[in-house]
Amino acid sequence: MLRPQDTATRETKRLDGLWSFRLDPDGVGRDERWFAGPLPGAFEMPVPASYNDVLPDAAVRLHVGEAWYQRTVRVPHGWAGERVVLRFGSATHRATVWVDDVEVVRHEGGYTPFEADLTGLLAGRAPGAELRVTVCVDNELTFASIPPGIVVETPGGRRQHYFHDFFNYAGLHRSVWLYATPTTYVDDVTVVTGVSRGPGDGDEVVGTVAYDVVAEGRDVGGVEVRVELRDGDGRTVAAGIGASGTLRVEGPHLWAPGDGYLYDLEIRLVGADGVLADVYIQTVGIRTVEVRGTQFLVNGEPFRFRGFGKHEDAAIRGKAHDAVLLVHDLALLDWIGANSFRTSHYPYAEEVYDLADRHGVVVIDEVAAVGQNFDLQGGLPGRGRTFGPDTVGAAAQANHAQAIRELVARDKNHPCVVLWSVANEPESETDEARAYFEPLFELTRELDPTRPVGFANVATAPHGACRVSELADVVMLNRYYGWYVDTGDLASAEAHLRAELEAWATDGKPIVVTEYGADTLAGLHSATGEPWTEEFQAAYLAMNHRVFDAVDAVVGEHVWNFADFETSAGVHRVDGNRKGVFTRDRRPKAAAHFLRERWRSARRSA
Ligand code: GCB
C-alpha cells in the first residue's frame, strides 16, 4: 500500500488533532447508530494517541471493548473529479469506519494501515463537501487476534488478560489522512536492489534496481509507465519505460549501516498524448542482504547487530506515533553507538522506517504475534497448550498470515528492514507449534524472497527442544541468564549462557541475541551490585558480552529494552518494565554509558 504523498498529481490532508470520543462499555453504539449523527456524550481525544492515559480515569485506562471517534472533514474543493481515499496509519486492534451513514471499511489488526476509497461515495456531491467520519475501535484480544488475549468477567467488571509484557494501549495511534490521486494512478510499486562486482563489469561496482509498478484506474490501458532514478543531488542516473524492468547504476552510492544514502525513483504514468496522469516517488536504498553460514551480510560485508528491542511507548501518549520521540530516540541510538533495533513486538509507525532508512539504521521488523505462549507470564494455569482448535488455532493463523501480508506489503521497499520476525517467544517446542508456523514461514518467503526470516525464541524451548527454529534463517534468542534464571549469580549465568549459545552455534546459522536485560531502578545503587541496581545492570551486560564475544556465531546483541515501558499490573512490575537502558523519559542509566563505550569503540574500529 502506497503512502499518501504530495506530488504534481497528488494531494494530502492530515486529519490529526482533536476528535470527538467516547467509550462504549455496554456495546450499544452500533445498534444505536452512533455513526449516523454527532457522537452522543462525546469529549475530546487527541489523534494520534492511545486513549488510555490521556485522562486520569481508570475506567478509560482499563476499558475493554469498543470506543468511538468522530470528526468532520471538508474535502478540498480542488479535489472534485479525483480519486479520494481515507487512510488510517493503524487502529488498535480492529476498526469499523463510516463516512456519514455508510460503512466504508473494516480492518483487523492493530499495527498496519488500511484505507477506504471514497470516490464512489463522493460522486454526485458538490465540490468541497463536508463528511462525517466515525471510527469504532475495538481493543479486545481473543484467541483469534494477533496478539492473543482473553476477556474475563470479574466482580470488578470485564478485564482483558493477555500473555505479553506491554500495556494493551488502544486507539488511533497514527495519523489519519484524506488524500487525492488522479483516477488513473500508481497503485503499488516493488523495488528489489542488487549489487554486482562480476566479470565484465571490471572492478566497477554496479547497482541494480528491479522495479515492478502496478497501475490502476479508469484509463489504465492508455498510459505508459516511465521511471527515473535520481541520486541524492537530483541527478538522473537511470531511466526506464514499462511497468517492470531493471535499472543499472554504475558506481552506486550504496545504502549501508550508518550511511543511509537514498535515491528517488520517480514513477510517472503518461498518456498517449504525453499528458502526465500520475506521479509517485519511491525512495530506494541500493543494498543486499544475505545469510551465509554463520554470517549476516549487508552488501557482502559481515554485519553485527548492536542495539535494542524497543517499544512505541511514552507517558500519557501511550503508543502514539510522536515525531519528537522518534527523532530523539534515533539521536540516542546514535549517541550510544547502536546501529540497529527490533520493532518489538509489532510493526511501528511508517515514519519510523523512513527515518531509519535515512539514518542508515538497520531494522528487524516484527509482526504483532507476541504472547502465543500460555506458559509465560500472565499464563493461564491448566489451559494446556497454546496452539490447538480451542485456543490459538486456524482463525489466529489466518489473522497471523494476513498480518504478515500487510507487514511485507507495507515495508518491502525499506532498505533499513533486513530481517522479518514472524513472532516473539511463541510456544515452539510442540508439534502443534511446528504445524502452526511452517506455512507462515513459507508465506513470508513467498512474499519476499529477498530477506531472511526468523522469530524470537524463548528460553523454555532451548536448543534441541525447539521445533520451529529449523525453519528460520537466523537464530534469534531472548535470554535472561542472571535475571530470570541464576538471578544475581552472574558466575553461574555466564557458564549456562555460554553452554547454551555453543549448542545453538552447532546449527551453523547466525545467532542474534534479540533480548538480554535486567530490571533496573534508576537511582538505585549498591556497592555489591545487587539486582535492580544500576551497577548490576552494567555487570549483567558485561557478563553477556564476554560470552557473545567468545562465540563466533553470535552476530548480534539487542539489549532488552531501549527504555522503561508500561505493562499491565503485576507483582514483578514496578510502574512498568524497568529493563530500559534509558528511563521512560529517556534519561540514561549507568548501563547506557557502559554500552556507549563498547558500541562506540566497535564503530570506531569498523
Ligand atoms: C521477554 C519478552 C519481552 C518482555 C521481557 C521481560 O522475553 O519478549 O516482551 O518484556 O521478556 O522483560 O520480561
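Residues numbered from 1 in each chain as written. Predicted model: local features only at pLDDT ≥ 70, side-chain atom pairs only at ≥ 80, totals over all residues. Heavy atoms only, no water.

1. Let's talk about the overall build of the protein
Along its length, the protein carries 9 helices and 30 strands. Compactness check: the protein gives a C-alpha radius of gyration of 25 Å against a globular reference of 25 Å for 606 residues, within 12% of the reference. Principal axes of the C-alpha set define a box for the protein whose edges measure 75 × 75 × 45 Å. When the accessible area of the protein is evaluated, it comes to approximately 23000 Å², of which 51% is carbon and sulfur surface. (Helix = DSSP H or I, 4+ residues; strand = E, 2+ residues; numbered from the N terminus. Rg over C-alpha atoms; globule rule 2.2 N^0.38 Å. Areas by Shrake-Rupley, 256 points an atom, 1.4 Å probe, with all protein chains shown as cover.)

2. Considerations on the packing of aromatic side chains
Any aromatic ring pair is given by two values, namely how distant the centres are and how the planes are angled relative to each other. Tallying each qualifying case throughout the model produces 33 aromatic pairs. Here a set of aromatic residues connected by ring pairs shows up, and it is made of Trp19, Phe21, Phe43, Tyr51 and Tyr69. The cationic tip of Arg83 hangs over the ring face of Tyr185; the distance from NZ or CZ to the ring centre is 3.6 Å. When the ring centre of Phe341 is taken as origin, the NZ or CZ atom of Lys310, which lies over that ring, is 6.0 Å away. (Phe/Tyr/Trp six-rings, centres within 6.5 Å; stacked < 30°, edge-to-face > 60°. Lys NZ or Arg CZ within 6 Å of the ring centre and 35° of its normal.)

3. Quick look at the site of the ligand
In the vicinity of the ligand there are 13 residues, among which Asp165, His345, Glu425, Tyr484 and Lys579 approach most closely. Glu515 has a polar side-chain atom sitting 2.7 Å from an oxygen atom of the ligand. For the ligand, an oxygen atom lies 3.0 Å from a polar atom in the side chain of Trp560. Computed on the free molecule, the ligand has an accessible area of 320 Å², of which 92% lies beneath the protein chains in the complex. Looking at the shell around the ligand residue by residue, the class counts come to 4 nonpolar, 4 polar and 5 charged. (Near = heavy atom within 4 Å. Polar contact = N/O pair within 3.5 Å; in protein donor to acceptor, adjacent residues only side chain to side chain. Nonpolar A, V, L, I, M, F, W, Y, C, P; charged D, E, K, R; others polar.)

4. Brief notes about the sheet that holds strand E18 (residues 263-271)
Strands belonging to one sheet form pairs held by backbone hydrogen bonds; the direction of such a pair is parallel or antiparallel. Taken in spatial order, the 4 strands line up as E16-E15-E18-E19 in an open sheet, and their pairing is antiparallel. For this open sheet the edge positions go to strand E16 (236-241) and strand E19 (276-284), each flanked by a neighbour on one side alone. Sheet twist, expressed as the average angle between the axes of neighbouring strands with direction ignored, equals 15°. Examined bridge by bridge, E18 and E19 share 8 bridges and lie antiparallel to one another. Looking across to E19, one finds that Glu266 is bridged to Ile281. (Pairing = 2+ DSSP bridges. Axes fitted to C-alpha atoms, helices over the stretch in contact; angles between N-to-C directions.)

5. With respect to helix H5 (residues 394-411)
Here H5 contains 18 residues, and its C-alpha end-to-end distance of 26 Å stays within 8% of the 26 Å for a straight helix at 1.5 Å per residue. What H5 keeps buried is the set Ala396, His400, Ala401, Ala403, Ile404, Glu406, Leu407, Val408, Arg410 and Asp411. Along its buried surface, H5 packs onto strand E7 (102-108), helix H4 (350-359), strand E25 (362-366), strand E26 (417-424) and helix H6 (431-447). (Expected span 1.5 Å × (residues − 1). Buried < 20%, exposed > 50% of the residue type's maximum accessible area, 1.4 Å probe, protein only. Contact = heavy atoms within 4.5 Å.)

6. With respect to unusual backbone geometry
Residue Thr92 is joined to His93 through a cis peptide bond whose omega torsion reads 5°. Structurally, the position occupied by His93 is in the loop between strand E5 (83-88) and strand E6 (94-99). Within the chain, Ile316 stands out as a residue other than glycine whose phi angle is a positive 65°. With respect to the secondary-structure elements, Ile316 resides in the loop between strand E23 (305-309) and helix H3 (323-336). What makes Ile316 exposed here is its relative accessible area of 53%. Positive phi, normally seen in glycine, also occurs at Arg586, with a value near 70°. Residue placement: Arg586 occurs in the loop between strand E30 (554-560) and helix H9 (590-605). Among the residues examined, Arg586 registers a relative accessible area of 7% and is labelled buried.

7. Details of the sheet that holds strand E14 (residues 206-217)
Taken in spatial order, the 3 strands make up an open sheet running E13-E14-E17, and their pairing is antiparallel. Each of the sheet's edge strands pairs with one partner strand only, and the pair in question is strand E13 (184-196) and strand E17 (244-250). The sheet shows a mean angle of 20° between the axes of neighbouring strands, direction not considered. Note that E13 and E14 share 12 bridges and pair antiparallel. In the strand pairing of E14, Val191 is matched with Tyr211.

8. Brief notes about helix H8 (residues 534-550)
Structural remark: α-helix, 3.6 residues per turn; residues separated by three or four positions point the same way. Taking 1.5 Å per residue, 17 residues should reach 24 Å; H8 reaches 25 Å between its end C-alpha atoms and fits that length. If you check which residues of H8 are buried, you get Glu534, Phe536, Gln537, Ala538, Tyr540, Leu541, Met543, Asn544, His545, Val547 and Phe548. On its buried face, H8 is in contact with helix H7 (490-505), strand E29 (511-515), E30 and H9.

9. Examining the environment of His345
By the secondary structure assignment, His345 is in the loop between strand E24 (340-342) and H4. In this structure, the C-alpha to C-alpha distance between His345 and Glu82, residues 263 residues apart in sequence, is 38 Å. Apart from residues no more than four positions distant in its own chain, His345 is found in contact with Phe166, His311, Glu366, Val367, Ala368, Val370, Asn424, Glu515 and Trp560. There is a polar contact of 2.8 Å between the side chain of His345 and the side chain of Glu366.

10. Overview of the domain arrangement of the protein
Taken domain by domain, the protein consists of domain 1 (11-181), domain 2 (184-284) and domain 3 (302-605). Taking the mean C-alpha position of each, domain 1 and domain 3 sit 30 Å from one another. Listed per partner, the contact involves 30 residues of domain 1 and 46 residues of domain 3. Carbon and sulfur atoms supply 59% of the area that domain 1 and domain 3 bury against each other, a total of about 3100 Å² over both sides. (Domains from an automatic or database assignment. Buried area = accessible area lost by both parts, 1.4 Å probe.)

11. Considering the pairing of strand E10 (residues 149-154)
Within a regular strand, the side chains alternate between the two sheet faces. Examined bridge by bridge, E10 and strand E11 (residues 157-162) share 6 bridges and lie antiparallel to one another. Bridge assignment links Glu153 to a residue of E11, and that residue is Arg158. Counting the residues between successive antiparallel strands, the hairpin from E10 to E11 contains 2 residues.

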